[in-house]
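Each chain, letter by letter, is given below.
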Amino acid sequence: MMLDIPEDNEEGEQDTPDKPKELKQLWTGCFQQSMNEFLQQFNESISVDEVLYREDIAGSIAHVTMLGERNIIDEQDKELIVKTLKDIEYDIEHGKVELKVELEDIHMNIESELIRRIGNVGRKLHTGKTLKALLLPWNPDGGSRVLKKVRRRRGINI
């Protein structure tokens with residue numbers, strides 16, 4: 001069973017790698033007004049969790065590989081997503097990806113960049129993924145390695 005993702009964006013325009021529909025802030029669908037800047041700053045975690053991009057990408061690659069192995073997405077889409085995630089990882093390492101506060105966290109920043117680069121195929125990445133599954137790659141050892149990274153980022157020596 002292959003997943004069928006619509007190819008048109010909300011405006012009825014073709015969603016292509018050259019012109020993908022942008023991801024909006026996570027909570028914008030719930031409210032009529034845009035998020036207050038204070039609330040945006042309060043809600044964001046990218047300033048802390050940006051150091052976790054490798055873990056987030058590794059977890060996403062593992063998940064999309066499973067989707068391909070189970071024939072939930074086709075092999076071509078899986079390979080494109082994996083290749084693009086690796087490219088994004090390289091680009092983050094070399095300062096070529098702007099991480100945006102309005103996208104709140106590292107996961108949403110990577111997802112947004114993936115969709116920007118490959119369009120709706122990138123949306124297939126999270127098929128069947130729960131919040132717990134999103135956090136698991138960051139926490140394989142009970143969180144001690146991740147906590148050390150975050151503490152170093154914040155200048156806390158514990």
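Up top you'll find the structure we're talking about.
Along every chain, residues carry numbers that run from 1 in the direction the sequence is written. Under the rules for a predicted model, residues below a pLDDT of 70 receive no local features and side-chain atom pairs below 80 are neither given nor counted, while totals for whole chains, interfaces and linings still include all residues. No hydrogens and no water enter the side-chain calculation; it runs on all heavy atoms of the structure.

1. A few points about the overall build of the protein
And step 1. Helix numbering and strand numbering both begin at the N terminus, where a helix is a DSSP run of H or I of at least 4 residues and a strand a DSSP run of E of at least 2. Assigned secondary structure in the protein consists of seven helices and zero strands.
And step 2. When burial is assessed residue by residue, the protein has 40% of its 158 residues classed as buried.
And step 3. Note on contacts: a residue pair qualifies if any of its non-hydrogen atoms lie within 4.5 Å across the two residues. The contacts in the protein between residues at least 6 apart in sequence include a share of 73% that link residues at least 24 apart.
And step 4. For every accessible area listed, the method is Shrake-Rupley and the probe measures 1.4 Å; residues are considered covered only by the protein chains on display. Taken as a whole, the protein presents about 9900 Å² of accessible surface, with 53% of it coming from carbon and sulfur. For every residue, the accessible area obtained with a 1.4 Å probe (protein chains only) is divided by the maximum for its type, and the residue is called buried under 20%, exposed over 50%, and partly exposed between those limits.

2. Some remarks on the environment of Glu102
And step 1. Counting through the fold element by element, Glu102 comes out in the loop between α4 (75-93) and α5 (106-118).
And step 2. Each C-alpha atom of the pair Glu102 and Ile46 lies 9.1 Å from the other, and the pair is 56 residues apart in sequence.

3. Examining the pattern of salt bridges
And step 1. The working definition used for a salt bridge is a side-chain nitrogen of Lys or Arg within 4 Å of a carboxyl oxygen of Asp or Glu. The final tally for this structure, using the stated rule, is eight salt bridges.
And step 2. A salt bridge links Glu113 to Arg117; the nearest nitrogen and oxygen atoms lie 2.8 Å apart. Of this pair, Glu113 and Arg117 both sit in helix α5, four residues apart, which is roughly one turn of that helix.
And step 3. Using a relative accessible area of 12% as the deciding quantity, one classes Glu113 as buried.
And step 4. Bridged by salt links that share partners, the residues Asp91, Glu113, Arg116 and Arg117 form one connected network.

4. A short note on the packing of helix α3 (residues 53-69) against α5
And step 1. Here the axes come from fitting lines to C-alpha atoms, over the contacting stretch only for helices, and the angles between their N-to-C directions go from 0 to 180 degrees. Running from N to C, α3 and α5 cross one another at 60 degrees; their axes reach a closest spacing of 10 Å. Put simply, α3 runs oblique to α5. When the axes of α3 and α5 are compared, the crossing they make is right-handed. Residues Tyr53, Asp56, Ile57 and Ser60 of α3 form the contact with α5, whose own contacting residues are Ile106, His107 and Ile110. Each angle gets one of four labels, with under 35 degrees taken as roughly parallel, over 145 as roughly antiparallel, 65 to 115 as roughly perpendicular, and the rest as oblique. For any pair of crossing helices, the crossing counts as left-handed if the nearer helix is rotated counterclockwise from the farther one by less than a right angle, and right-handed if it is rotated clockwise.

5. Thoughts on the nonpolar core
In summary, soluble globular proteins display a tendency toward joint burial of nonpolar side chains.
And step 1. In this structure, Val64, Ile81, Leu85, Ile110 and Leu114 are the most contacted members of the largest nonpolar core, which totals 19 residues.
And step 2. When sequence neighbours within four positions are dropped, the list of residues in contact with Ile81 reads Val64, Ile73, Leu114, Ile118, Val121, Lys124 and Leu125. Nonpolar cores were defined as sets of buried Ala, Val, Leu, Ile, Met, Phe, Trp, Tyr and Cys residues, with membership established by side-chain atoms within 4.5 Å.

6. A word on α5
And step 1. To estimate the expected span of a helix, subtract one from its residue number and multiply by 1.5 Å. Over its 13 residues, α5 runs 18 Å from end to end, which matches the ideal 18 Å to within 8%, given 1.5 Å per residue.
And step 2. Buried residues of α5: Ile106, His107, Met108, Asn109, Ile110, Glu111, Ser112, Glu113, Leu114, Ile115 and Ile118, and no others.
And step 3. Of the residues one or two after α5, Gly119 is the one with positive phi, at around 70 degrees.

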